[in-house]
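# Reading the structure
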Amino acid sequence: MPALPLIIDTDTGSDDAVALLLAAASGLGDIRAVTTVAGNVPVAIGTRNALISLEIAGRSDIPVHPGCERPMIRTLSSAQHVHGEDGMGDTGLPDPAKAPEPGHAIDALLSYPRDHPGELTLVTLAPLTNIAAALLRDPALFTRYRHVYCMAGAADTRGNISPTAEFNVWADPEAARIVAQAATPDKVTWIGWDVSRKDAVMTPADQQRLQQIGTPMARFAHRINRTVADWVRDVTGLAGYDLPDPIAMAVALNPGLITEQEEAHVDIAVGDEARGQMLIDRRVVAPAPNMTLVRRVDEAGFKKLLFDTVAAPVPVPASAPTIPATP
Ligand code: RIB
Ligand code: CA
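Residues numbered from 1 in each chain as written. Chains lettered and ligands numbered in written order. Predicted model: local features only at pLDDT ≥ 70, side-chain atom pairs only at ≥ 80, totals over all residues. Heavy atoms only, no water.

## Considerations on the overall build of the protein
- When helices and strands are tallied, the protein shows 14 helices and 11 strands.
- Taken over the C-alpha trace, the protein has a radius of gyration of 18 Å; the compact-globule value for 327 residues is 20 Å, and the two agree within 12%.
- Overall, the protein is about 55 × 45 × 40 Å in size when its C-alpha atoms are taken along their principal axes.
- Looking at the protein as a whole, 59% of its 327 residues are labelled buried.
- In the protein, the proportion of contacts linking residues at least 24 apart, taken out of those at least 6 apart, comes to 84%. (Helix = DSSP H or I, 4+ residues; strand = E, 2+ residues; numbered from the N terminus. Rg over C-alpha atoms; globule rule 2.2 N^0.38 Å. Buried < 20%, exposed > 50% of the residue type's maximum accessible area, 1.4 Å probe, protein only. Contact = heavy atoms within 4.5 Å.)

Structure, rendered in structure tokens:
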């Protein structure tokens, strides 16, 4: 099967970085461009982290376009308390050799599908600010992509950043609402935190396995997620840290991993009392569905893809940052 042509929008924290490894080094993805946005960390840091992650995967040729520095209306509330000040577990990674592109992310999100109509899959791993801004300039944007997969929301369950909301939607609920209003179920699929917390939890045994693989990508993926592992244990009570962006990326790369999904009408709460809550309307009188929601994923299949990908030796360019062996 030919590799899937991809555009990836990211706020490169430690889980985004693992998703970028999957897209760049699994053989299933053909990344044409990466766009960055403020979210986990300020956009300049997220851009730096995207460049580092692509270098670790041996793909420093992939263009990275910086995007919006803040949500559409609200000020930026980062998740540095979760991912570390640098978004990568504060592991002191050296600067990337490559610089970002001069073109803005929004222009890239508009131009790539115009130049390659119906060919590109868009995967979003961050607050939806860039995507919403692009939609305001081109309301038909989603028709120009082959498909749009979003790591977004928390269907029928508590959130991770608040009792009612998942971070990507909470950080910019107005942007998420614009995306939901432009979505159709044949074009837009959301993979929420409800999936990650069930089917993408890295147990202590998984973490030990990752650490023992010992390749540059495996060492990188293990080390940068140490900070989030502590936060998840202390705040969510999960049996290990979960990988929301990697499981969303795995679904985009191989939809055969989906074991349960539904079509539903989704709106987003933008009032402060339930900021970012997914409002799934299942009433008999509900409007027609506007998106496909993935509800469960083959956990073993996802983890096999993850371990196989990071176990592969990659042609590490001389400029790539070296990750010291974990003590
Ligand atoms: O809620 C999880 C999402 O928020 C992930 O994309 C993670 O990287 C953070 O951005
Ligand atoms: Ca993210």
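## Some points on the packing of helix α4 (residues 105–115) against helix α5 (residues 129–137)
- At a minimum axis separation of 9 Å, α4 and α5 run at an interaxial angle of 60 degrees. Overall, the two elements α4 and α5 adopt an arrangement that is oblique. As α4 runs across α5, the sense of the crossing is right-handed. Taken together, the residues of α5 that come into contact with α4 (itself represented by Ala105, Ile106, Asp107, Leu109 and Leu110) are Asn130, Ile131, Ala133, Ala134 and Arg137. (Axes fitted to C-alpha atoms, helices over the stretch in contact; angles between N-to-C directions. Parallel < 35°, antiparallel > 145°, perpendicular 65-115°, else oblique. Left-handed = near helix turned anticlockwise from the far one by under 90°.)

## Some points on the UniProt feature "domain: Inosine/uridine-preferring nucleoside hydrolase" (unreviewed entry) in the protein
- Following the UniProt record, one finds the feature "domain: Inosine/uridine-preferring nucleoside hydrolase" (unreviewed entry) at residues 6–303.
- Annotated as residues 6–303, this span is 40% helix and 18% strand, and its ends, taken at the C-alpha atoms, are 21 Å apart. (UniProt positions renumbered as here; feature names shortened; annotations may be inferred.)

## A word on the site of ligand 1
- Ligand 1 sits among Asp11, Asp15, Asp16, Asn40, Leu125, Met151, Asn160, Glu166, Phe167, Asn168, Pro244 and Asp245.
- Asn40 places a side-chain nitrogen or oxygen 2.9 Å from an oxygen atom of ligand 1.
- Note that an oxygen atom of ligand 1 is positioned 3.0 Å from one of the side-chain N or O atoms of Asn168.
- Coverage of ligand 1 by the protein amounts to 96% of the 280 Å² it exposes when considered alone.
- Elements represented by at least two residues in the shell around ligand 1 include exactly α1 (14–25), α7 (167–171) and α13 (244–253).
- Here the shell around ligand 1 is composed, by residue class, of four nonpolar, three polar and five charged. (Near = heavy atom within 4 Å. Polar contact = N/O pair within 3.5 Å; in protein donor to acceptor, adjacent residues only side chain to side chain. Areas by Shrake-Rupley, 256 points an atom, 1.4 Å probe, with all protein chains shown as cover. Nonpolar A, V, L, I, M, F, W, Y, C, P; charged D, E, K, R; others polar.)

## Here's the deal with the coordination of the calcium ion (ligand 2)
- At the metal site, the calcium ion (ligand 2) is ligated by Asp11 (OD), Asp16 (OD), Asp16 (OD), Leu125 (O) and Asp245 (OD), and these contacts range over 2.2 to 2.6 Å.
- Within one chain, the residues serving as donors to the calcium ion (ligand 2) are arranged as D-x4-D-x108-L-x119-D. Residue Asp16 is located in helix α1, and its partner Asp245 is located in helix α13; the two are separated by 229 residues in the primary sequence.
- According to the relative accessible area criterion, Asp16 is buried, its value standing at 0%. (Donors = N, O, S within 2.8 Å, 3.2 Å for Na, K, Ca; no water.)

## Points about the side chain of Lys303
- Relative to the elements of secondary structure, Lys303 occurs in helix α14 (residues 299–311).
- A polar contact of 2.7 Å, which involves the side chain of Lys303, links it to the backbone oxygen of Val201.

## So, the environment of Ile258
- Following the sequence through the fold, Ile258 ends up in strand β9 (residues 258–268).
- Put simply, Ile258 and Glu101 are 157 residues apart on the chain and 34 Å apart in space, counted from C-alpha to C-alpha.
- Setting aside chain neighbours within four positions, we find Ile258 in contact with Val251, Val294 and Arg296.

## Side note on α4
- For α4, the set of buried residues is Ala105, Ile106, Ala108, Leu109, Leu110 and Pro113.
- Buried residues in α4 make contact with β1 (4–10), β2 (29–36), β3 (64–66), β4 (121–124), α5 and α6 (141–144).

## Brief notes about the state of the cysteines
- Under the counting rule described, the total for this entry stands at zero disulfides.
- Left unpaired, Cys68 is separated from the closest cysteine sulfur, that of Cys150, by 15 Å.
- The exposure class assigned to Cys68 is buried, which follows from its relative accessible area of 15%.
- For Cys150, a relative accessible area of 1% gives the class buried. (Disulfide = S-S within 2.5 Å.)

## Here we look at helix α8 (residues 173–182)
- Of the residues making up α8, those classed as buried are Pro173, Glu174, Ala175, Ala176, Val179 and Ala180.
- In this structure, the buried side of α8 is in contact with α5, α6, α7, β6 (188–191), β9 and β11 (291–297).

## With respect to the nonpolar core
- Formed by 70 residues in total, the largest nonpolar core has its most connected members in Leu6, Ile8, Ile31, Val34, Phe220 and Met249.
- Examining the composition of this core, we find that nine residues originate from one element, α1, more than from any other.
- Not counting residues within four places of it along the chain, the set of residues in contact with Val34 comprises Ile8, Thr10, Leu20, Ala50, Leu54, Ile62, Pro63, Val64 and His65. (Core = buried A, V, L, I, M, F, W, Y, C linked by side-chain atoms within 4.5 Å.)

## What to know about the sheet that holds β3
- Judged by pairing direction, the sheet is mixed, and its nine strands sit side by side in the order β3-β2-β1-β4-β5-β6-β11-β9-β10 without closing on themselves. Since the sheet does not close on itself, it has two edges, and those belong to β3 and β10 (278–281), each with one partner. With strand direction ignored, the average angle separating the axes of adjacent strands in the sheet is 30 degrees. (Pairing = 2+ DSSP bridges.)

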